[in-house]
Structure formats: structure tokens, C-alpha cells
Amino acid sequence: MVPEVTVMSRETVKPSSPTPDHLRRYQLSFLDQISPPLFMAMVFFYPNSSSRISTSHTTDISNKLKQSLSENLVRFYPLAGRVKEEEFSYIDCNDKGVPYIEARVKGQLSETIRDPLPIELHKLYPYELHDIKDLAVAVQVNFFDCGGVALTVLISHKVADGLSYFQFVNSWAATARRSRDGGGDMVVVGPQFGSAALFPQRSLAGFKSSIGMVKENIETRRFVFSASSVAALRAKYSNSVRRPTRVEALSAFLWTRYMAVIKEDINPNSKYIVLHAVNLRPRVEPPLPDHFFGNMSRFVMSVPVQASRNIEKEESYDVVNPMRDATGKVNSEYITKLREGNGKEHLDFLKGIGERSFRGDAIPFTFTSLCRFPLYEADFGWGKPVWVGSGRRTYRNLVTFVDTRSGDGIEAFVNLTEADMAKFEKDKELLAFTSSLSTP
């Protein structure tokens, strides 16, 4: 439970040096264009690493964060600008800066993260996820009574994907450490821009990137899979051909449990589909580095089985293999087609899913994984975070996977309608493999 949060100050942090004139217009890519207009949000929790609980302690942290953020915005100069949503979107790199909010939290950090409720984490956000306006980044620093800190970073999905999100945060943290250590030999890797050259913008006539977003009647719950549970599920969904990955096994399990709990409400005329996010960087020829900035991921669709009341009797490979086959089709040929075509085929694919979902002809269930991402690397000089979490998302039937701090377990943040979640969170087979607790 997040206690009372009181905003203490609001200001804007600008780049430490101005953006050159020739970099004042940052063109967004086709993949940026079709990304949803919302913030990606994570909260990084840091315990008090010293015995100090004083105004000077808070001031020291605040000054270090603001100074290093200002320096980091020089590298990530588009994020200090303002997003212009036009037919061909771009960022006006005008150095207007990043909203920076500081708040006081009445309570202990350890109590907040003992058994966190995702919806409670929104108290630590500077803005609601859909309240994006023209911002690229927003920050809120939350100081607990114990001296601990919860750092919330919002980045617009119109300009970045998950990997780029963590690149920005970790670069900011490395900048803070470098400043503390007086420079030294530390090298801070900056972003590589150029996504618009790879995926030129297209006309989006008739397409709304906000399709599928909802603000009401969504519940989010966090389920923790220990290393032993992950191993057991990988064994459960293995076959003679290949052992499933951790994400494949957990995706199959959660989808199957979802179908089991809604079996009384299954529409035999609807198609129940699975969408999986795929990182394009390693699939481009030649492969792109992790620090290639922007939206560089796409969703692929698979149909595990035709849903029926006998869903629990279906073999596991009917879930895992279609997902694997769909992901395997995201190859150099797929990317070349995405880059060189007029985008119509992909837009039609996205619009088709949205329209069929609205009509009830298709019921999508979406998985996105941040596993193996550098989630726990953001050390600003007072140690790495003890927990990194996220709040309620603006989509139904959405699961986000993240590694536990130890790296051997997985946390699943599950978003369902209130009615579906009421049944899902009580499912005995689900609870046999999960916990809501993950002691930092």
C-alpha cells in the first residue's frame, strides 16, 4: 500500500547545453507513428543507503538527479523537446525540458514494496499514462520518511520502446555516477538515432494509434513466478521437438488459465488470438545495437486453438508452437517488406485486429516481455534498486513480464477487465504456481 503522497515542488529540467540548429527537428519513424499515445512508466525503489534522514540528504539527492538529468538530455536531445502530432509527426527539439516533480511520501519504503498493488503505484506518477500531451519524458522523485526514494520515469511510447526506455534511464544513472566519481574512465554509451531512415513515415489515413486503449474497468495484478515454478512450467509445456523458453511457457500457462476461468463466457463465434511483442533490432540485416533508439518492436499474431469449453484438454503445443512459428516469421524478409512497402498491409493488419476486437469477432490477449532487459542496472550512486515495478496499464488482456531482482524468477503484471480478474486471481492452478510476494 502506498501511503499519502504530497507534491512539494514542480520545475523543468533543461539540457545543460543547447541543441544545435541542425538537430532541431527529429523525424519520427513509421513505427513511432503507429505506437500508442501513452506513457511507459516504471518506478525504481531505492532504500536509504546512509544513516542520514535530513533535509540536506534529500537536497543532495535532488541536486544530483537534476544535474545528471540535465547532462543526459544533451545526449538524448529529442526527449527535451515537444512532440508534434501531425500527419507526419516529429519532435521539435526546442530544449523546453522535462517536467521534474518532487513529492513527500508519508511512510516507509519497505512497507510499500512488501506486497505492492500496481494500482497504488499511480500515486507516485507525475501524470496519468494517457495524459501525454506533447511531452516526451516526465519525472517524479518521491522521498519516503525513512530516507528511501522511489523514482518514477515516464517516457512517451510515441518516441521510444522498452529497450530505449531503459537505455535512457541507465544512461542517466551512469551520468550521475560519473559525476560523483569525477569522470574517471567510465564511458556512458549514448543513443544511436536514425529510425526514420530505416522506417520512413507513411500516411496513416483511417488509422488511430490509440485503438484498443481503455481507461475504465481495468484491474492489474502482479503474480510472481519463482525459479522453480518457471522450471516446472517449462517442463509442463515441453515436447519432443524443443523445450519452450521461459516467456513461451508462462505465456501458454497464463493464456490457458485465462481461457479456463472465462469458459462459461466463451463466444464460439469469436476467435481467441495471442499477440506477442518482438524486438526487431537483432532481426535487421545487419543487426542493430541495443542502443539504437526509438520504437523497434512489432506485434505478431498466433491462434493457439479455436476456443471451446474443452480448452483445458488441449495439448500444450497448441499454444506454444503457433507463438513460436509466428515469431520465427519476423525475419529479414518481413522487415524489408515493412521498410520498403507503403505500410498499408501492416496498417490493415492493425486496423483489422482493432475492428474485429471492437465487434467481438476477435479476442486478443497480448504479451510483452522485458525479461533480460537491464531493469536493475540504474545505480545513481546509492546502489541499484531493490524493486522495479509498474502500475495499471490502459489495455485489457495485457501481460507484461519482467525479471525478479535475482534474475531467476519472473513477475507477471496482468491486466484484465474487473469481471475477468475477479475470477482469474482466484484460480487455484494459477495460485499453485505463483505468489504476490517477492522480498527484495
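Read on for an overview of the structure. (Residues numbered from 1 in each chain as written. Predicted model: local features only at pLDDT ≥ 70, side-chain atom pairs only at ≥ 80, totals over all residues. Heavy atoms only, no water.)

**Thoughts on the sheet that holds strand 4 (residues 82-84)**
Backbone hydrogen bonds hold the strands of a sheet together, and the pairing may be parallel or antiparallel. To be explicit about the condition: Strands were regarded as paired on the criterion that DSSP finds at least two bridges between them. Strands are runs of DSSP state E lasting at least two residues, helices are runs of H or I lasting at least four, and both sets are numbered from the N terminus onward. The convention used is that axes are lines fitted to C-alpha atoms, helices contributing only their stretch in contact, and that angles between N-to-C directions extend from 0 to 180 degrees.
Reading across from one edge, 2-5-4 is the order of the 3 strands in this open sheet, with antiparallel pairing throughout. Across the chains shown, the open sheet's two edge strands, defined by having one partner strand only, are strand 2 (25-27) and strand 4. Ignoring which end each strand starts from, the neighbouring axes of this sheet average 30° apart. Sheet topology places strand 2 next to strand 5 (residues 90-92); 3 bridges connect them, and they run antiparallel. Bridge pairing in strand 5 links Tyr26 to Ile91.

**Topic: the packing of helix 6 (residues 227-236) against helix 7 (residues 246-261)**
The cut-off we apply is this: Our angle categories are set so that under 35 degrees counts as roughly parallel, over 145 as roughly antiparallel, 65 to 115 as roughly perpendicular, and the remainder as oblique. Whether two residues are in contact is decided by their heavy atoms, any of which lying within 4.5 Å being enough. Note that Gly is not counted as nonpolar here; it falls among the polar residues with everything else outside the nonpolar set of Ala, Val, Leu, Ile, Met, Phe, Trp, Tyr, Cys and Pro and the charged set of Asp, Glu, Lys and Arg.
For the pair helix 6 and helix 7, the least separation of the axes is 9 Å and the interaxial angle reads 80°. The orientation of helix 6 with respect to helix 7, classified from their angle, is roughly perpendicular. Of the residues in helix 7, those touching helix 6 at Val230, Leu233 and Arg234 are Arg246, Ala249, Leu250 and Phe253. Of the residues belonging to the contact of helix 6 with helix 7, the class tally is 5 nonpolar, no polar and 2 charged.

**Brief notes about a nonpolar patch on the surface**
This is how it is decided: Each patch is built from residues that are more than 30% exposed by relative accessible area and take part in no salt bridge. Like charges join if they lie within 9 Å; nonpolar side chains (Val, Leu, Ile, Met, Phe, Trp, Tyr) join within 5 Å. Computed with the Shrake-Rupley method and a 1.4 Å probe, the accessible areas treat only the protein chains shown as cover for residues. Salt bridges are defined by distance alone: a side-chain nitrogen of Lys or Arg within 4 Å of a carboxyl oxygen of Asp or Glu. Note on classification: 1.4 Å probe, protein chains only; a residue is buried when its accessible area is under 20% of the maximum for its type, exposed when over 50%, partly exposed between these limits.
Residues Met1, Leu117 and Ile119 make up a contiguous nonpolar surface patch of about 290 Å² in total accessible area. Along the chain, Leu117 falls in the loop between helix 3 (109-112) and strand 7 (137-144). A relative accessible area of 37% places Leu117 in the partly exposed class.

**Describing helix 6**
What sets the pattern is the α-helix's 3.6 residues per turn: residues three or four places apart point alike. Cut-off, in case you're wondering: This arc corresponds to the set of directions leading from the helix axis out to the C-beta atoms.
Within the span of helix 6, buried status applies to Ser229, Val230 and Leu233. For helix 6, the arc enclosing every buried residue in end-on projection is 100°, short of the 170-degree limit, so these residues lie on one face. Away from the buried face of helix 6 by more than 90 degrees, exposed residues Ser228 and Ala235 are located. Each element contacted by the buried residues of helix 6 is listed here: strand 9 (218-225), helix 7, strand 15 (410-417) and helix 12 (428-433).

**Brief notes about the pattern of salt bridges**
What the rule picks out here adds up to 19 salt bridges. A salt bridge links Asp161 to Arg281, with the nearest nitrogen and oxygen atoms 3.0 Å apart. Taken together, the residues span a long stretch of sequence, with Asp161 in the loop between strand 8 (149-156) and helix 4 (162-180) and Arg281 in the loop between strand 10 (271-279) and strand 11 (297-302) at a distance of 120 residues. Measuring nitrogen to oxygen at the nearest pair gives 2.8 Å for the salt bridge that ties Arg246 to Asp403. Here the residue Arg246 occupies a position in helix 7, and Asp403 occupies one in strand 14 (residues 398-403), the gap between them amounting to 157 residues. Note on Asp403: relative accessible area 8%, which makes it buried. Taken together, the shared-partner salt bridges in this structure form one network comprising Lys236, Arg257, Asp427 and Glu429.

**Looking at the sheet that holds strand 10**
Here 6 strands make up an open sheet; going across it, the order is 9-15-14-12-10-11 and the pairing mixed. Each having just a single partner strand, strand 9 and strand 11 make up the two edges of the open sheet. The average undirected angle you get between the axes of adjacent strands in this sheet is 20°. The pairing of strand 12 (residues 362-369) with strand 14 spans 4 bridges and is classified as parallel. Paired with Thr368 across the strands is Thr400, a residue of strand 14. Against the sheet, helix 10 (residues 344-359) engages strand 10, strand 11 and strand 12, with an angle of about 55° to strand 11.

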